[in-house]
Amino acid sequence: MSAIDQAEPRTSPWWLAGFGALALALGLVLSTLPEAAHPAGDAVAQNLPATDLGNPVTGVLLLYRVLDTLLEKAALLGALGGVVVLAGRQSFARRAVSLPMPAHSQATASWLAAILLPAVLVIAVYLVAIGADRPGGAFQAGTVAAAGLIVAVLVGLRPQPQPAAPSLRVAAYGSFLGFVAVGLVGAVTDGAFMAMPSLWLPFDLGGVKTTIILVEIALTLGVAAILFALAMGAPPRLGR
Amino acid sequence: MSTWLLYASSGALLVAIGLHGLILRRHLIRRILGLNVLGGGVFAIFLALAARGDGPADPLPHALVITGIVVAVAGTALALAITVRYFEATGRLDIDGPDNR
Amino acid sequence: MIFACLIGLPLAVAGLAALTPLRWQVPLAFGLAAGVTLGAVAGAVEVLGAGPRVAPMGGFPLPLGIALVLDGPGLVMILMTSAVMAATFGFLALQPTPFPRAGWPLLHLVWVGLNTLFTTADLFNAYVAMEVMSLAGIALIAISGTAKALEAQIRYLLIATMGALVYLLGTALLYGATGRLDVWAVAQIDPGAPALRLAAACITLGILVKMAAWPFHTWLPPAHSGAIAPVSALLSALVVKAPAFLLLRFWTDMFAPLALPAAGTFLGVLGTIAIVWGSIQAMRQDQVKRVIAYSTVAQLGYLLLVIPLVAEGGAIANLAWQGGVLHAITHGLAKAGLFLAAGSLLVTAGGDRVRDLIATSRAAPLLGFSIGLGVISLMGLPPSVGFVGKWLLLRASLESGQWWWAVPILGGGLLAAAYGFRLVAVTFRSGTARRRSALRAANRPPLDGLVFALVSLPMLLFLAAAPLSTLIGTVPGYGGLQP
């Protein structure tokens, strides 16, 4: 029996009873919570009209609690750094990770992917474009774009990238640096770190909203690059 | 019973299932899945809490859950990358070997 | 502006480090250390002059935004972190084995998480910061490249992520009760409410797992001993300390009404067991780095002992709080110094066991002396500022009537002597003449002065104990601040 499909020990009834009791206790405690309590959410609803944003979730993510969003990107970069360290510095074969399939299926798959991938790109652009006003945003758009890139590798349209490839690194860290820079500019202009400043721009969609949309576009690129690199993972080492 | 409580209780059940997988399973992939089920349960509870009361849903937990999902993705990706390397180095997919006191 | 230095600067340098060539890494890192230190000193000057304050991020008031606090205890922890980080950067710059380029941004990301945890007053922000710190820290373990390190890494990652999610479950319950995420909202909840109790249990359990409190400590020794020495120093001195500091803040502020008698005593008992068990294991270890790692398990126990003492309130709480913070910074400096000194000696000796240290002090007397100074700090003897910390804890324990905590406070020092002086004694053993000449001939990086400077800091701080206490302040937790 290989390590992949090893047997698991049977869970003893005591453990099962314990986990059941845990779920029950948690459910009971949840039932004691008040029927509505969201002063923070109400504060968002009161303050959002001043920003011209239509999507309150974007307001929270990129304005009121933008530090969390910045740190969340730092968490992604931490994981990416870990994958790069694991990949090591030695060169590795550009082994295709495309799905194993017969030649004619391969041809069909790449033909289909070549047609659908532009549509995926359009969806990603749409998601980031509407994010300020309706459900959508940088993470959703970046995820869709990354999925498109992963499909392109799986059907053999693209070679598997190194997690530390310069293009991926520039997209991942460049967008992140831009985001940090906006927060630092806010510290200078508005006197508070991570105050999203109203940038001076030749075009204007209404103060802070412009800044948020620009940050979201940058983050979409960054998220797409990071998730793509993470999904590709540490490529197999030579000689094993 | 309120609808939100039904969703929240489902989240509680997911938390228990996830902890079960994480603590009692040995296969690393199952443990990583357990971690994700646990996370899903916590996120479900947050979203259920957002749906309480009348009027529009509370946007704050929705934003928190997006952040939480990104963090969970980062953790999962790193866990899987380490698991692949660990399997390459040792040929094993569990960490309950004899010399792990 | 101060938070732009404390959090924004490490974020920016992490990005720059990833995009610049290897030869830029050391100047960037030292620039960062200087910037954060300047920011923290500016913050300390402000706190000493105008008192601590709540700093709403982006200027958004609660409950809309995230609140950080600019207060003495957080700044003291950040200054200690700066010293450890600067020493680590110096070690990496001088050591002969190359440090991978991808490692530098990870160091800076760990620092981002630490500084946020030391200042945050927002439960969800603390969750994200803990994950940034843990993920980047765990990623750094892989640099040693051994199969054992991989196993330690995956174990650490699984358990740390579980701890974080259990913590987040507690945060969800508190959000359900108050609809807010700042620590001050918790005061609105009736202390008898089951949601508050379960939330306190989840948050505490999650942090206990992350800080490797007994009995959740089993992941720590393999992880901290499996990494390369400078990474071990960061993990052991800082990465487990930040969650422990947060737990101390939470139990002396928002969970204070729940602390006595049962919960606080329970945590104190866990701390006592950690001190005894960790010390005994440290004595029994064969590998040098495992001795030091188990010592971390023991030393973190003191931060749990502080909780039942601070819960007494009044003057006793002040003593215990100041003692706890002083102990935390002493341990951070001494532990990082021990890992760097041992790592440096083991490179000279070419091995990882205690017996490989034989006669190493003959080749590097300053490093042997540094290990001795580190052990003195861990024991809490003068002239280390750790003595002041232990003394304050002891007074708090005797004056509160909870005299029984004096036993682990004093006994832990003796246990630290037992496992610590074992290391010191081995380095000064004479060994064979051939071994001595081989050690002298070994090519050694010029790290002695750096490590010595780090372990001397607790001795210098002993002279500054009075201003340090003023900075830490007399009100435990969040310093009695109100948004």
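Scroll up for the structure.
Now for a look at the structure at hand.

Here is what the cut-offs are and how they apply
Going along each chain's sequence as written, the residues are numbered from 1 onward. The lettering of chains begins at A and the numbering of ligands begins at 1, in the order of writing. Totals for whole chains, interfaces and linings use every residue, but because this is a predicted model, local features are given only for residues with pLDDT of at least 70 and side-chain atom pairs only at 80 or more, for both listing and counting. By convention in this description, side-chain values take in all heavy atoms of the structure and omit both hydrogens and water. Two residues form a contact once any of their heavy atoms are found within 4.5 Å. What gets called buried area is simply the loss in accessible area from a 1.4 Å probe that two parts show on being joined, summed for both. Every case where a carboxyl oxygen of Asp or Glu lies within 4 Å of a side-chain nitrogen of Lys or Arg is listed as a salt bridge. Throughout this description, a polar contact denotes any pair of N or O atoms lying within 3.5 Å of each other; where both atoms belong to protein, one of them has to be capable of donating a hydrogen while the other can accept it, and for residues adjacent in sequence the pair is counted only when both atoms sit in side chains. What counts as a helix is a DSSP run of H or I of at least four residues, what counts as a strand is a run of E of at least two, and both are numbered from the N terminus. Residues were grouped as follows: Ala, Val, Leu, Ile, Met, Phe, Trp, Tyr, Cys and Pro as nonpolar; Asp, Glu, Lys and Arg as charged; and all remaining residues, including Gly, as polar. Definition of nonpolar core: a set of buried residues of the types Ala, Val, Leu, Ile, Met, Phe, Trp, Tyr and Cys, connected through side-chain atoms within 4.5 Å. Between buried and exposed lies partly exposed: a residue is buried under 20% and exposed over 50% of the maximum accessible area for its type, with that area taken using a 1.4 Å probe on protein chains only. The criterion for an aromatic pair is that two Phe, Tyr or Trp rings (for Trp, the six-membered ring) have centres within 6.5 Å, with stacked assigned to planes under 30 degrees apart, edge-to-face to planes over 60 apart and tilted to the rest. Note on geometry: a ring has a charge over it if NZ (lysine) or CZ (arginine) is within 6 Å of the ring centre and within 35 degrees of the ring normal. Angular values range over 0 to 180 degrees, each being the angle between N-to-C directions of two axes fitted as lines to C-alpha atoms, with helices fitted over their stretch in contact. Note on angle classes: values under 35 degrees are labelled roughly parallel, values over 145 roughly antiparallel, values of 65 to 115 roughly perpendicular, and the remainder oblique. Each patch groups residues whose relative accessible area exceeds 30% and which form no salt bridge, using 9 Å between like charges and 5 Å between nonpolar side chains of Val, Leu, Ile, Met, Phe, Trp and Tyr. Here, Shrake-Rupley sampling with a 1.4 Å probe gives the accessible areas, and only protein chains in the shown set may cover a residue. A helix is expected to span 1.5 Å for every residue after the first. DSSP bridges decide pairing: two strands pair if at least two such bridges lie between them.

### Comments concerning the interface of chain A and chain C
Interfaces are frequently sized by the accessible area removed from exposure as the parts join. At the junction of the two partners, chain A supplies 46 residues and chain C supplies 55 residues. Buried surface at the junction of chain A and chain C, summed over both partners, amounts to about 4,000 Å²; 79% is from carbon and sulfur atoms. The largest contributions to the chain A side of the interface with chain C come from Arg65(A), Leu71(A) and Phe193(A), which together make up 16% of the buried area. There are one salt bridge connecting chain A and chain C. Residues Arg65(A) and Asp122(C) are paired through a salt bridge, measuring 2.7 Å at the closest nitrogen-oxygen approach. At the junction of chain A and chain C, the tally comes to five residue pairs in polar contact (both at pLDDT 80 or more). Of all the secondary structure elements, the ones that give two or more residues to the side of chain A that touches chain C are α1 (13-31), α2 (39-47), α3 (56-64), α4 (66-87) and α7 (166-189) of chain A. A total of 14 residues in the side of chain A that touches chain C trace back to one element, the largest contributor, which is α4(A). Counted by class, the side of chain A that touches chain C contains 33 nonpolar, eight polar and five charged residues.

### What to know about the interface of chain B and chain A
Residue-level contacts link 45 residues of chain B with 47 residues of chain A. Interface of chain B and chain A: buried area, both sides summed, is about 4,000 Å²; carbon and sulfur atoms make up 70% of it. For the chain B face of the interface with chain A, the top three residues by lost area are Arg52(B), Val70(B) and Arg85(B), together amounting to 16%. At the junction of chain B and chain A, the tally comes to one salt bridge. Close ionic contact of Arg30(B) with Glu8(A) constitutes a salt bridge, the shortest N to O distance being 2.6 Å. Put simply, chain B and chain A have 13 residue pairs in polar contact (both at pLDDT 80 or more) between them. Listed by contribution, the elements that provide at least two residues to the side of chain B that touches chain A are α1 (3-24), α2 (28-50) and α3 (59-90) of chain B. Looking at the side of chain B that touches chain A element by element, the count peaks at 20 residues for α3(B). Along the lines of polarity and charge, the residues of the side of chain B that touches chain A split into 29 nonpolar, seven polar and nine charged.

### A short note on the nonpolar core
All names here are of chain C. Grouped together as the largest cluster of nonpolar side chains are 299 residues, with contacts concentrated most on Phe 250 and Phe 255. The greatest single-element share of this core, amounting to 20 residues, is contributed by helix α13 (residues 314-349). Apart from the residues within four sequence positions on either side, Phe 250 is in contact with Leu 123, Tyr 167, Val 183, Ile 203, Ile 207, Phe 255, Ala 256 and Tyr 478.

### Quick word on the environment of Ile228(C)
All names here are of chain C. Along the polypeptide, Ile 228 turns up in the loop between α8 (220-226) and α9 (229-239). Taking the C-alpha atoms as reference points, Ile 228 and Leu 140, separated by 88 residues in sequence, lie 8.8 Å from one another. Excluding residues that lie within four positions of it along the chain, Ile 228 makes contacts with Phe 99, Ile 143, Ser 144 and Lys 289.

### Some thoughts on the packing of aromatic side chains
Counting across every chain of the model gives 16 aromatic pairs over all chains. With a centroid separation of 6.2 Å and 55 degrees between ring planes, the pair formed by Phe89(C) and Trp111(C) is classed as tilted. Taken together, the residues Phe89(C) in helix α3 (residues 72-94) and Trp111(C) in helix α4 (residues 103-119) connect sequence positions 22 residues apart. This pair shows no difference in class: Phe89(C) is buried, exactly as Trp111(C) is. Among the aromatic side chains, those forming a connected cluster through ring pairs are Phe30(C), Phe89(C), Phe99(C), Trp104(C) and Trp111(C). The positively charged end of Arg52(B) is found above the aromatic ring belonging to Trp4(B), 5.6 Å away from the centroid.

### Digging into the packing of helix α10 (residues 241-252) of chain C against α13(C)
All names here are of chain C. Following both chains from N to C, one finds α10 and α13 inclined at 175 degrees, their axes separated by 11 Å at the closest point. Here α10 lies roughly antiparallel to α13, going by the angle between them. On α13, the residues that touch Lys 241, Phe 245, Leu 248, Arg 249 and Thr 252 of α10 are Trp 321, Val 325, Ala 328, His 331 and Gly 332. The class makeup of the residues in the contact of α10 with α13 is five nonpolar, three polar and two charged.

### Observations concerning a nonpolar patch on the surface
All names here are of chain A. Where nonpolar side chains cluster on the molecular surface, the patch consists of Trp 111, Leu 112, Ile 115 and Leu 116 and spans about 430 Å² of accessible area. In this fold, Leu 112 is placed in helix α5 (residues 103-130). Residue classification places Leu 112 among the partly exposed positions, given a relative accessible area of 42%.

### Re α10(C)
Residues and elements named next belong to chain C. Across its 12 residues, α10 extends 16 Å between first and last C-alpha, which sits within 8% of the 16 Å expected from 1.5 Å per residue. Counting buried positions along α10 gives 12 out of 12 residues, so the element sits mostly inside the fold. Of the residues making up α10, those classed as buried are Lys 241, Ala 242, Pro 243, Ala 244, Phe 245, Leu 246, Leu 247, Leu 248, Arg 249, Phe 250, Trp 251 and Thr 252.

### With respect to the pairing of strand β2 (residues 67-70) of chain C
Residue and element names in this part refer to chain C. Because side chains alternate across β2, one face comprises the buried residues Ala 67 and Val 69, and the other comprises Leu 68 and Leu 70, equally buried. Bridging between strand β1 (residues 53-56) and β2 involves four bridges; their strand directions are antiparallel. Counterpart to Arg 53 in the pairing with β2 is Leu 70.

### Here's the deal with the pattern of salt bridges
Between side chains of opposite charge, a pair can form when the charged atoms approach closely. One pass over the full model with this rule turns up 14 salt bridges over all chains. For the salt bridge of Arg92(B) with Asp94(B), the shortest nitrogen-to-oxygen distance reads 3.3 Å. Using a relative accessible area of 28% as the deciding quantity, one classes Arg92(B) as partly exposed. Among the ionic pairs, Asp71(C) bridges to Arg249(C), the shortest N-O distance being 2.7 Å. Separated by 178 residues along the polypeptide, Asp71(C) in the loop between β2 and α3 and Arg249(C) in helix α10 bring together distant segments of the chain. Residues Asp71(C) and Arg249(C) agree in their burial class; the two are buried. Salt bridges sharing partners connect three or more residues here, namely Arg65(A), Asp68(A) and Asp122(C).

### What about the packing of α9(C) against α10(C)?
Residues and elements named next belong to chain C. Here α9 crosses α10 at 0 degrees, and the two axes come no closer than 6 Å. Judged by the inter-axis angle, α9 sits roughly parallel to α10. Contact with α9, carried on its side by Ala 237, Leu 238 and Val 239, involves Lys 241, Ala 242 and Pro 243 of α10 and no other residues of that element. Residues of the contact of α9 with α10, tallied by class, amount to five nonpolar, no polar and one charged.

### Notes on the side chain of Gln299(C)
Residue and element names in this part refer to chain C. In this structure, Gln 299 sits in helix α12 (residues 288-310). The exposure class of Gln 299 is buried, given its relative accessible area of 2%. When neighbours within four sequence positions are excluded, Gln 299 is seen to be in contact with His 327, His 331, Leu 378, Ala 416 and Tyr 419.

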